[in-house]
Amino acid sequence: MPDSPLSILYVDDESLNLIATKEYLTSQGFIVDTAQSGSEALLKITEHQYDAIISDYQMPGMDGIGLVKEIRSRGLDTPFLLFTGRGREEVVIEAIDNGVDFYVQKGGTQASQFKELIHKIGIAVQKVRDSRALQKSELRFRSLIQNSSDIIRILDRDGIIRFDSPSSAKILGYPEGSLIGRSAFDFIHPDDRERVWSDFQDVCNNRNIHEPTEYRLKKEDGTYLYVESVALSLLDNPEIQGIVTTTHPIHSLKMAEFRMKKVTDDLAAAYEELASNEEELRVSFEMLKEQELALSESESKFRNMAERSSDLIILIDKNFLPVYISPSAPSIIGYELDDFIGKTASYWAQTIFSPMGPEFLNYAHRTMKGESFSNLELKIRKKDGSLAYISGSAVPTVHEGIVTGIQISMRDITKVKTAELALRESEEKFRRFASNARDIIFRMSLPDENYEYISPALEQLTGYTPEEFYENPALFGTLIHPDFTEYVEKQKRDLRNGQVPATYEFRITDRSGNTRWLNQRNVLITD
């Protein structure tokens, strides 16, 4: 039985039974209200919310089964127990068929029948609470799936589609639900199928955790769409028993990459043609020599500065090949300088920036087109396979108005980022703890006394939601019992003056008019 007091409505036309049963249940920690007829009970149900209803079977006017029929017809799922001396089998069957949760027969010793009654109350209340919680969870999950812009699927170990979200029809064009029972791999481009199947097997065997896979997916009109999928194995989860995949289109990005590659190839071809013009080179030779001398002096200054810097500084030419890497490379990315000789940006995307390769390539190509980026936080993979975080910037190097390359600066922020993630995880753990706590946990700013956070237990103990307290911080003061108004105000004054009372007790009147005792413990947080 739940720890918090349960509110019970007991219905019986016999006064002695009402008194005896109420006294016993009250002595066991229940809050008991009574009614002597079905009509009186229905009136009270409209005015109050009860955790459970206990009713005698045989009563004048409306009997216990008639009462439960009326309650169920109103859409109420309040646990209903029939507590009566009538024990015929047909009565029990009729009671269960009409929505009675438990049938408890009077008779025998009073202690044993009350013990059984209390036991059945606890089971019935917990059953309804579990059912409501499950319905709420299922509704939340369904809402997330229905409104997701990504394709969310559940596949079995063989790749058969067991669930397909509505967004699949919107993105791929197939009728909603028509792909369930089909193999997801039938719709993958033949050139990508073997690679994607290999990644899928890694997920099934827990060798791939949230690593994205890019491939082409066939649409209803026969064309192929570039997508990226992340999969999670929930084969061991009895509620799922499958592989959950989340897929979103990256077609526009891939097309941009292809266009950029063509532009890069065209620029390389133009450069070769220009370089082959010997006569033009000869005429420009003297001018280039002067520029080379100035560049050498500038480069010497830059090199001295870069080699003394703890940041990693990299210069890339317009062919995406590194022309300079500062000595701090081994300490920041774990690679030696020789590891990058002759390596293009694609190699970097597959090694150092493999955790977010497409994003790195996107920044690189955009910088080569003249854009500048600063304070980029990127996840990298060092040569030894370990992950780290860097803060970076990328600016184009320009000569006579033409972009000739990129200057990249990187600083290791792994410790800071790790601490930030740990703090975020700690805050999430606190929120999960507060959300499931039976006590009210709140944080209030001073001196304006506005609530910054209130746990969901507020509604169970006071009848008011946290949102109502956020909108009206003074609402709590209206709940304080008149006998304790001045006492609580004094505690608040002491708190504002820095005299924090460790704990104090007072009474409130909740939304239903019930009186509750509260024990409040305070901790003052200062800057």
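Rules of the game
- Residues numbered from 1 in each chain as written.
- Predicted model: local features only at pLDDT ≥ 70, side-chain atom pairs only at ≥ 80, totals over all residues.
- Heavy atoms only, no water.
- Helix = DSSP H or I, 4+ residues; strand = E, 2+ residues; numbered from the N terminus.
- Buried < 20%, exposed > 50% of the residue type's maximum accessible area, 1.4 Å probe, protein only.
- Contact = heavy atoms within 4.5 Å.
- Areas by Shrake-Rupley, 256 points an atom, 1.4 Å probe, with all protein chains shown as cover.
- Axes fitted to C-alpha atoms, helices over the stretch in contact; angles between N-to-C directions.
- Parallel < 35°, antiparallel > 145°, perpendicular 65-115°, else oblique.
- Left-handed = near helix turned anticlockwise from the far one by under 90°.
- Nonpolar A, V, L, I, M, F, W, Y, C, P; charged D, E, K, R; others polar.
- Expected span 1.5 Å × (residues − 1).
- 1 Å grid on protein atoms, 1.4 Å probe; cavity = no way out; pocket = protein on both sides within 12 Å on 5 of 7 lines; lining within 4 Å.
- Points joined across faces, edges and corners; volume = space filled by probe spheres on them.
- Pairing = 2+ DSSP bridges.
- Right-handed = clockwise from strand over helix to strand, strands pointing away.
- Phe/Tyr/Trp six-rings, centres within 6.5 Å; stacked < 30°, edge-to-face > 60°.

A.B. asks: What exactly am I supposed to notice about the overall build of the protein chain here?
C.D. replies: When its secondary structure is counted, the protein chain shows 17 helices and 19 strands. Burial status across the protein chain gives 38% buried among its 527 residues. Considering only contacts within the protein chain whose residues lie at least 6 apart along the sequence, 45% involve residues at least 24 apart. Put simply, the protein chain shows about 31,100 Å² of open surface, and 51% of that area lies on carbon and sulfur atoms.

A.B. asks: Help me understand the packing of helix H2 (residues 38–47) against helix H3 (residues 64–73), please; the structure alone is not making it clear to me.
C.D. replies: For the pair H2 and H3, interaxial distance at closest approach is 10 Å and the crossing angle is 25 degrees. As summarised for this structure, H2 and H3 are arranged roughly parallel, according to the angle between their axes. In this structure, H2 crosses over H3, and the sense of that crossing is right-handed. Judged by residue contacts, Gly38, Ala41, Leu42 and Ile45 of H2 engage Leu67, Glu70 and Ile71 from H3. Classifying every residue of the contact of H2 with H3 gives 5 nonpolar, 1 polar and 1 charged.

A.B. asks: Got a minute to help me understand helix H13 (residues 414–436) in this structure?
C.D. replies: Taking 1.5 Å as the rise per residue, H13 with 23 residues should run 33 Å; its terminal C-alpha atoms sit 33 Å apart, in good agreement. When we look at burial in H13, the residues that qualify are Thr414, Lys417 and Ala434. Structurally, H13 contributes buried residues whose contacts are with strand S13 (373–381), strand S14 (387–399), strand S15 (402–412) and strand S17 (450–454).

A.B. asks: Would you take a moment to explain empty space enclosed by the protein for this structure?
C.D. replies: Empty space among the atoms can be located by rolling a probe the size of a water molecule over them. In this structure the tally under the stated criterion is 3 cavities of 30 Å³ or more. In this structure, the largest cavity spans a volume of roughly 260 Å³. Val196, Phe200, Tyr215, Ser229 and Thr245 are the residues nearest the centre of the largest cavity, which is lined by 20 residues in total. Elements that contribute at least two residues to the lining of the largest cavity include exactly strand S6 (151–155), helix H7 (190–204), strand S8 (213–218), strand S9 (224–234) and strand S10 (242–249). A total of 4 residues in the lining of the largest cavity trace back to one element, the largest contributor, which is H7. Looking at side-chain class alone, the lining of the largest cavity contains 12 nonpolar, 5 polar and 3 charged residues. Reported here for the second largest cavity is a volume of approximately 150 Å³. In terms of lining, the second largest cavity is formed by 16 residues, of which the most central are Phe360, Leu376, Leu378, Ala394 and Ile408.

A.B. asks: Could you clarify how one ought to interpret unusual backbone geometry in this entry?
C.D. replies: With glycine set apart, most residues show a phi of negative sign, and most peptide bonds adopt trans. For Asn206, which is not glycine, the phi torsion reads 60 degrees and is therefore positive. By the element assignment, Asn206 lies in the loop between H7 and S8. Phi is positive for Asn375, which is not a glycine, with a value near 55 degrees. Within the secondary structure, Asn375 sits in strand S13. A residue is classified by how much of its surface remains accessible, and Asn375, at 66% relative accessible area, is exposed.

A.B. asks: Whenever I open this one, the environment of Ala169 confuses me. Can you help?
C.D. replies: Positionally, Ala169 belongs in helix H6 (residues 167–172). We classify Ala169 as partly exposed; its relative accessible area is 22%. The spatial distance from the C-alpha of Ala169 to the C-alpha of Glu220 is 9.1 Å, given a sequence separation of 51 residues. Every residue in contact with Ala169, bar those within four places of it in the chain, is listed here: Tyr174, Pro175 and Glu176.

A.B. asks: Explain the pairing of strand S2 (residues 31–35) to me, please; I cannot follow it from the model alone.
C.D. replies: The side chains of a regular strand alternate between both faces of the sheet. Bridge analysis of strand S1 (residues 7–11) against S2 gives 5 bridges, and the strand direction is parallel. Across the sheet, the residue bridging to Val11 is Ala35, located in S2. Once the chain exits S1 it traverses helix H1 (residues 15–27) before rejoining the sheet at S2, and the crossover so formed is right-handed.

A.B. asks: How do you make sense of the packing of aromatic side chains when you look at a structure like this?
C.D. replies: This structure, assessed with the given rule, holds 20 aromatic pairs. Summarising the aromatic geometry, the rings of Phe476 and Phe506 are spaced 6.1 Å apart at their centres and angled 85 degrees between planes, so their arrangement reads as edge-to-face. Of the two residues, Phe476 sits in helix H16 (residues 475–479) while Phe506 sits in strand S18 (residues 503–509), which places them 30 residues apart along the sequence. Overall, Phe476 belongs to the buried group, its relative accessible area being 16%. Feature note: the residues Phe442, Tyr451, Tyr464, Phe469, Phe476, Phe484, Tyr487, Tyr504, Phe506 and Trp517 constitute an aromatic cluster, connected by ring pairs.

A.B. asks: Even after reading the chapter, I still don't get the sheet that holds S6, so can you show me in this structure?
C.D. replies: Two modes of strand pairing occur in sheets, parallel and antiparallel, and in both the strands are linked by backbone hydrogen bonds. Strand order in the open sheet formed by 5 strands is S7-S6-S10-S9-S8, with antiparallel pairing between adjacent strands. At either end of the open sheet lies a strand with only one pairing partner, and these are strand S7 (161–164) and S8. Strand-to-strand twist in this sheet, taken as the mean axis angle between neighbours without regard to direction, amounts to 35 degrees. Judged from the 3 bridges that link them, S6 and S7 form a sheet pairing that is antiparallel. Along S7, the bridge assignment pairs Ile154 with Phe163. Seen against the sheet, H7 touches S6, S8, S9 and S10 and runs at an angle of roughly 125 degrees to S8.

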